[in-house]
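# Structural overview for review
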Amino acid sequence: MKLGIVGLPNVGKSTLFNSLTKAGAESANYPFCTIDPNVGIVAVPDERLKLLGDMYKSKKVTPAVIEFVDIAGLVKGASKGEGLGNQFLSNIREVDAIVHVVRCFEDTNVIHVDGSVDPLRDIETINLELIFSDLEILERRNAKVVKAARMDKTLAKEEALLARIKEHLEAGKMAKSLEVDDEDELAILRGYNLLTYKPVIYAANVAEDDLADDGQSNEMVARVREFAAGEGSEVFVICAQIEQEIAELDDDEKAMFLEDLGIAQSGLEKLIAASYSLLGLMSYLTAGEDETRAWTIKIGTKAPQAAGKIHSDFERGFIKAEVVNYKDLLEHGSLAAAREKGLVGMEGKEYVVQDGDVILFRFNV
């Protein structure tokens, strides 16, 4: 999974990125301190892996990972070259979802680029820049299609769709809210890789005092939640400054620190839960002496396609999947013991993999 982090300057974007990845991207109280896109790889916390790894005495335990791309703080006019310009928007065209950091706290010591704190105005500013960037992409594509359509009448459908998308964006709407007529149009729309078509997770950055009740008493967070609900986006509440402190602690210290703050999950855990939910993802597991590993797949994936995540040969030569729930496996201490209790299923090509399945694939190529 690849997530792009966007936001205005000084909303806590790079502080959040630093805490998530411990990559040390420069963070300062002025715009444009993140000159180059920063990329960090983060392991997805999963206690099931450690428990299974210990049980099997695995030589290696490999978690699922998320790649974060942090780009320079965007400002009004970025798509037209203001600030550091549109070059940074191209860095997030390949991401699966956008994490949009919005500031939901007042602090006279931290300058806001627009002079006051208003998360909905900030969201609108960023969204407009994404729209302008997408319009530029569509104009280039349209020029090619119009020219080619003179010789190829099958392109007429795409030409009409381009006109509808352009009109939709020019009305200030995101591409993901456009209604398409059929699967062909949907495939064309997805192929453009538009920023405004990507799912969004809003990171509401709050002061430490608002963390314990998950921002319930913060009026700005309430407005962000209402806005996000209207467009089918996810929201999670975070204090970027606290996350940076958490990032310096080991696991035991982290647990104590979170308990003292009265919160159950770190920001990273909240973000991962929100992104898995938004993108419809889950993990299945493989376990053994050599390696215990988590594999991220779409909810509803069938066994052969899940096997293909490991290697294309596993999917091509799929015979059966030996499946046990990780809790049953841990409770009985071995696959053989779980099998004796009738808890291991031999599943075929139509089996839909479930979150927490521990699977041994049988295949022949």
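This text gives an overview of the structure that appears in the document. (Residues numbered from 1 in each chain as written. Predicted model: local features only at pLDDT ≥ 70, side-chain atom pairs only at ≥ 80, totals over all residues. Heavy atoms only, no water.)

## Notes on the nonpolar core
Of all hydrophobic cores here, the largest spans 83 residues; its most connected members are Phe68, Cys104, Ile165 and Leu271. Ranked by residue count, the leading element in this core is helix H3 (residues 119-149), at eight residues. Beyond its immediate chain neighbours, meaning those up to four positions away, Cys104 contacts Pro119, Ala204, Asn205, Val206, Asn218, Met220, Val221 and Val224. One finds Tyr284, Phe318, Ile359 and Phe361 within the second-largest nonpolar core, a separate group that totals 14 residues. (Core = buried A, V, L, I, M, F, W, Y, C linked by side-chain atoms within 4.5 Å. Buried < 20%, exposed > 50% of the residue type's maximum accessible area, 1.4 Å probe, protein only. Helix = DSSP H or I, 4+ residues; strand = E, 2+ residues; numbered from the N terminus. Contact = heavy atoms within 4.5 Å.)

## Points about the sheet that holds strand S6 (residues 200-205)
The strand order S2-S4-S1-S5-S6-S7 describes an open sheet built from six strands, whose pairing is mixed. A single partner strand is all that each edge strand has here, and the edge strands are strand S2 (38-43) and strand S7 (234-238). For this sheet, the mean inter-axis angle between neighbouring strands, taken without regard to orientation, is 25°. Pairing between S2 and strand S4 (residues 65-70): six bridges, direction antiparallel. Bridging from a neighbouring strand, Asn38 pairs with Asp70 of S4. (Pairing = 2+ DSSP bridges. Axes fitted to C-alpha atoms, helices over the stretch in contact; angles between N-to-C directions.)

## Describing helix H6 (residues 219-231)
Taking 1.5 Å as the rise per residue, H6 with 13 residues should run 18 Å; its terminal C-alpha atoms sit 19 Å apart, in good agreement. Regarding H6, the residues found buried are Met220, Val221, Val224 and Ala228. Axial view of H6: buried residues confined to an arc of 95°, hence all on one face. Within H6, the exposed residues directed more than 90 degrees away from the buried face are Glu219, Glu226, Ala229 and Gly230. The N-terminus of H6 is capped by Asn218, whose side-chain oxygen sits 2.8 Å from the backbone nitrogen of Met220. Of the residues trailing H6, Gly232 is marked for its positive phi of about 75°. (Expected span 1.5 Å × (residues − 1). Arc of directions from axis to C-beta. Polar contact = N/O pair within 3.5 Å; in protein donor to acceptor, adjacent residues only side chain to side chain.)

## Remarks on the environment of Val95
Take Val95: it is sitting in the loop between S4 and strand S5 (97-103). Contact partners of Val95, with chain neighbours within four places excluded, come to Lys2, Leu3, Gly4, Val69 and Lys198.

## Here we look at a negative patch on the surface
Taken together, the side chains of Asp250, Asp251, Asp252 and Glu253 define an acidic patch exposed on the protein surface. Given the relative accessible area of 39%, Glu253 is considered partly exposed. (Patch = residues over 30% accessible without salt bridge, like charges linked within 9 Å, V, L, I, M, F, W, Y side chains within 5 Å. Areas by Shrake-Rupley, 256 points an atom, 1.4 Å probe, with all protein chains shown as cover. Salt bridge = Lys/Arg side-chain N within 4 Å of Asp/Glu carboxyl O. Lys, Arg positive; Asp, Glu negative; His and termini not counted. Charge placed at Lys NZ, Arg CZ, Asp CG, Glu CD.)

## Considerations on the packing of aromatic side chains
Applying the stated criterion across every chain yields a total of four aromatic pairs. A ring pair is formed by Tyr284 and Phe361, whose centres lie 5.9 Å apart and whose planes are at 90°; its orientation type is edge-to-face. Taken as a pair, Tyr284 in strand S8 (residues 281-286) and Phe361 in strand S12 (residues 357-363) lie far apart in primary sequence, 77 residues in all. For the pair Tyr284 and Phe361, a shared accessibility class is recorded, and that class is buried. (Phe/Tyr/Trp six-rings, centres within 6.5 Å; stacked < 30°, edge-to-face > 60°.)

## Things to note about the pattern of salt bridges
Applying the stated rule across the entire model yields 25 salt bridges. Across the pair Asp118 and Arg223 runs a salt bridge, and its minimum N-O distance is 3.1 Å. You can see Asp118 sitting in the loop between S5 and H3 and its partner Arg223 sitting in helix H6, a full 105 residues away along the chain. Among the ionic contacts, a cluster of salt bridges with common partners joins Asp46, Arg48 and Asp355.

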